[in-house]
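# Chains, contacts and geometry: an overview
Each chain, written out:
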Protein chains: 2
Amino acid sequence: MGRREPQEVPKMSAAPSSELLEEDVEALKIITELTLEEDERISHSIGKSYRDLLGVRLGLPIEATDAVALPRNVDEVRRIVEFASARGIAIVPFGGGTSVLGGLRPLRGNHRAVLTVDLRRLNKVLEIDDTSMLARVEAGILGPELEEKLQSRGMTLGHYPQSFHFSVLGGWIATRSRGHLSGRYGGIEDMVQAVKVITPTGELATKGIPARSVGPELRELILGSEGSLGIIVEAVLRVRRKAEATDTRVVLFDSFSGALDVCRKMVQAGIKPALVRISDEEESAMIMALAGLEAEDTPSLILLGFEGSRLEVVSGMKGALNILAEAGGVDMGHEAASVWEEEYYRSPYQRDELLDRGYLVETLETAASWSRLWDLYAGVHRALQRVNEEQGVEGLSLCHLSHIYRDGGSLYFTMIVPQLLGREVEQWQKLKEAATEVIMHEGGTLSHHHGIGVDHLQWMREEHGEAALKALRAVKSALDPSGIMNPGKVLEEED
Amino acid sequence: MGRREPQEVPKMSAAPSSELLEEDVEALKIITELTLEEDERISHSIGKSYRDLLGVRLGLPIEATDAVALPRNVDEVRRIVEFASARGIAIVPFGGGTSVLGGLRPLRGNHRAVLTVDLRRLNKVLEIDDTSMLARVEAGILGPELEEKLQSRGMTLGHYPQSFHFSVLGGWIATRSRGHLSGRYGGIEDMVQAVKVITPTGELATKGIPARSVGPELRELILGSEGSLGIIVEAVLRVRRKAEATDTRVVLFDSFSGALDVCRKMVQAGIKPALVRISDEEESAMIMALAGLEAEDTPSLILLGFEGSRLEVVSGMKGALNILAEAGGVDMGHEAASVWEEEYYRSPYQRDELLDRGYLVETLETAASWSRLWDLYAGVHRALQRVNEEQGVEGLSLCHLSHIYRDGGSLYFTMIVPQLLGREVEQWQKLKEAATEVIMHEGGTLSHHHGIGVDHLQWMREEHGEAALKALRAVKSALDPSGIMNPGKVLEEED
């Protein structure tokens, strides 16, 4: 029952052989590029969820996809979907492979085989409309490819999720992704003017309009659909001129609760930084220790960033610092902030190191209205501690507010606990369930920006209610009548 | 064929007697307050569309609802919906009665009778959360009632559609309504944190969360549903502190195209007034004539308003005026603006006067990306002129941009034409169709903020495409399996 010692990562188990028939393979190879190589099949079947990473390390049996298709254009995608529909083969769309909730698992549903469709070759910027500040882009483009092309024209999308370097536009749309500069640029749902998706029923392309009143908004059904309705192939994005100026600082505050309170007042007073991150005392202590700093009291660190015109940045930061200073905040300047910015993209990969050393490292995120946020925060902490105590281990749980709104905020929890040897999956499940039950009970949402995948499926009824699930199932049946699109994700399979 | 002379409004035709059975009436009277009075049945069957108003004036036969229910609470609404579902009676939800697209027409579909449910008694502010700046409100509350209650607490919603004095919250949500201060406050979809709707399948209540990633967003299906999925009974609204300051001015510009261009640049540079209205040369000339002013050249009037903290207003207006002045705009100050503000709410009612004098007065609105806007504008003007010429009348068509976005704007057309005696409906239909075809062809949307009702039904396929309509129909079938909710609106009835 002790914790696992640091060890070599076990060799991956071999994947079972492909379930595709010879004739499927031949037909698919006429349509598109197809690979049945074991390495490709395995690497396309694993995302970045704790269970995925743990499975690899423990040498658990791999559920591998039966083949990986690499379409070169939308027409090939269309023909793949048509073929799979006709032959009863399930499809898992694959973007950057960064799902943290099992969204890429090659589940077959009640189909005889499953095909993963990797969209990396759909990576073109098709059109830029300088007048309307719009870019029409293929969905398989990686974050850095997209920003490079836009920035060479003096533009930016401004979408920087933590997975930025490895994730793609289609994945952002499919999961309602949100980057750390959401205060200025919004979430991906604010950036998408129109979207095109290939469904088994045909192409669904929403019209590109700044705003409209033409019945329920269909674009909002594709956003968050996680591959369960079709393959997102293209989007029209609202872009901006590259920011003229930026200013990012760290402000020290004496408590997490006080920091939350003053930042709420700041945002409600109309001052909205591009970036706000408020670390609780535990996370702040960890950050300060890693940076080799010591503090007398246990403080709460606020990371604050403005972007935009020089005037916007100067007056925004001035207004924010005034409010924070009045409430006792201490401006620590820019340097501490630049350390953080490097850390932001690196931290997910430090997880691998800790996993190799026998630690469970998992993140949880939610959002709630301000009036519910504190009880939710305290409740999740207590629940995680309780589970750790029951299991006889001492764990660390850190938290920060990562996105701020006038009506509430999102909380991001990181837990680091020694793994229980032989009970690794069960241990994770207990922590996940205990925390999620508090989240649901305290008025939080099942996910602020990670999505559903398979890990959150069991709480979908509680999140939405019966009538809403009926509506979601109906949309799924209308667009994907035989249920081939990413079965067992977002919605549980019906009997 | 000549134009109609000013005349007395003809007396309303009597409505046919109610199709409700004695036993329906008795059962409904146990559930709620019910009236079968002819006046009430007629006044609840007419909205504010040109056809509605014309029908009354021409004494055309009235399609009247069979009864009007006036539920006092959500439970009564629920029981009404259950009763109507069980007995196969159609329901038309009724808020303020201001639909301009026939959304209130008492169509029966394939049901034996139709019941209009007037929500005016669901007008309570149920809860105010000062911390999260949220208000939970019943859906039948009128604009002025809601603002009065919020403003007595120092708050505002900031939603001021032109129908403000007579329309209700539920109607705003059902039609994705947008008020003239949308630049600061957004559309109603930005203000609604959560919504509760009674559908024939049961209650659908979305969770109140600042943002979430839990599959397709169900709230966005209720927004714009126009009563076709259920009766909206409650919403949680994002409110704000009342603005500390406002500043509204008129700026004179030498051409509409130039004014559009400079305002686009202003918004794309990050300066976003709460209110922007840009009148084309024809509308500007009309406004100036009504105000007793003369201009040497034909100018374009820009109405510009800022709201917020003193700092926001001063720096916003300064930035805007700098950009406009550099491009040749002339600041005319506040007085002209205050005249406009009075006019804003009065102008829909001046339509009645013109109708009484034998004029066709109709408005059309759309939105498009900036790069499409000019061709759309010019095309609609040409189409309206062509139809008038074909019909041998001289008409006026005015236009303004009424909502501004980084990626585009909405255009609002007003046409005033002498009515063709004996061919009034046909004349209107020709103008509506000619303009809408240009709108659809030039990349505009069928409606920016008026909705679908019955008048826009025939273009829904072109707006959304086949796959999207399938999804919409599927949602309708899931939530309203026997099709009793506002039949023949939003979606055409299937055979």
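Refer to the structure above for everything that follows.
Summary of the structure given here. (Residues numbered from 1 in each chain as written. Chains lettered and ligands numbered in written order. Predicted model: local features only at pLDDT ≥ 70, side-chain atom pairs only at ≥ 80, totals over all residues. Heavy atoms only, no water.)

## Some words on the interface of chain B and chain A
Formally: The contact rule is simple, with two residues in contact once any of their heavy atoms fall within 4.5 Å. Once two parts are joined, some of their accessible surface, as seen by a 1.4 Å probe, is lost; buried area is that loss totalled over both. The salt bridge criterion pairs a side-chain nitrogen of Lys or Arg with a carboxyl oxygen of Asp or Glu, the two atoms within 4 Å. Residues adjacent in sequence count toward polar contacts only when both atoms are side-chain atoms; beyond that, a polar contact is any pair of N or O atoms within 3.5 Å, and within protein one must be able to donate a hydrogen and the other to accept it. Starting at the N terminus, helices and strands are each numbered in turn, a helix being any DSSP run of H or I of at least four residues and a strand any DSSP run of E of at least two.
Opposite the 72 residues of chain B that make contact, chain A presents 72 residues. Each partner contributes to the roughly 5700 Å² buried at the junction of chain B and chain A, and carbon and sulfur atoms together form 58% of this total. Here chain B is connected to chain A by six salt bridges. A:Glu463 is the partner of B:Arg212 in a salt bridge, and the nearest nitrogen-oxygen pair spans 2.9 Å. Between the two partners, chain B and chain A, sit 36 residue pairs in polar contact (both at pLDDT 80 or more). Of all elements in the fold, only β9 (202-205), α9 (219-222), α10 (256-268), β16 (359-369), α14 (370-390), β18 (408-418), α16 (460-464) and α17 (466-479) of chain B reach the threshold of two or more residues within the side of chain B that touches chain A.

## Digging into the pattern of salt bridges
Residue and element names in this part refer to chain B. For the record, the criterion: Partly exposed residues are those whose accessible area sits between 20% and 50% of the maximum for their type, while under 20% is buried and over 50% is exposed, using a 1.4 Å probe and protein chains only.
All told, the structure shown has 73 salt bridges over all chains when counted by the stated rule. Of the charged contacts, one joins Glu189 and Arg178 as a salt bridge, the two residues approaching to 2.5 Å between their closest N and O atoms. Here the residue Glu189 occupies a position in helix α8 (residues 188-191), and Arg178 occupies one in the loop between α6 (169-174) and α7 (182-185), the gap between them amounting to eleven residues. For the pair shown, Glu189 and Arg178 are each scored as buried. Ionic pairing is found between Lys430 and Glu426, a salt bridge with its closest N-O pair at 3.4 Å.

## Considerations on the nonpolar core
Defined as follows: Residues grouped as a nonpolar core are buried Ala, Val, Leu, Ile, Met, Phe, Trp, Tyr and Cys residues, joined through side-chain atoms within 4.5 Å.
With 117 residues, the main nonpolar core has A:Leu169, A:Ile173, A:Leu237, B:Leu169, B:Ile173 and B:Leu237 as its most contacted residues. When near neighbours in sequence (up to four residues on either side) are disregarded, A:Leu237 contacts A:Met133, A:Leu134, A:Ala135, A:Val137, A:Leu146, A:Leu157, A:Leu169, A:Met191 and A:Val192.

## A word on the sheet that holds strand β6 (residues 134-138) of chain A
Residues and elements named next belong to chain A. Selection rule: Paired strands, in this sense, are two strands between which DSSP finds at least two bridges. Axes here mean lines fitted to C-alpha atoms, for a helix over just the part in contact, with angles spanning 0 to 180 degrees between N-to-C directions.
In spatial order, the strands read β5-β6-β10-β8-β9; together these five strands make up an open sheet with antiparallel pairing. Whereas interior strands pair on both sides, the edge strands pair on one side only; in this sheet they are β5 (125-129) and β9 (202-205). In this sheet, adjacent strand axes meet at a mean angle of 10° when their direction is disregarded. Across four bridges, the pairing between β5 and β6 is antiparallel. Residue Val125 lies in a different strand from β6, and its bridge partner there is Val137. Contacts from helix α4 (residues 74-87) reach β8 (192-199), β9 and β10 (231-238), with the element oriented near 45° to β8.

## Topic: the pairing of strand β8 (residues 192-199) of chain B
All names here are of chain B. Extensive coverage of β8 is indicated by the burial of seven of its eight residues. Both β8 and β9 contribute to a ladder of four bridges, which runs antiparallel. Each residue of the ladder has a partner; that of Ile198, found in β9, is Glu203. Hairpin connection of β8 to β9: two residues between the antiparallel strands.

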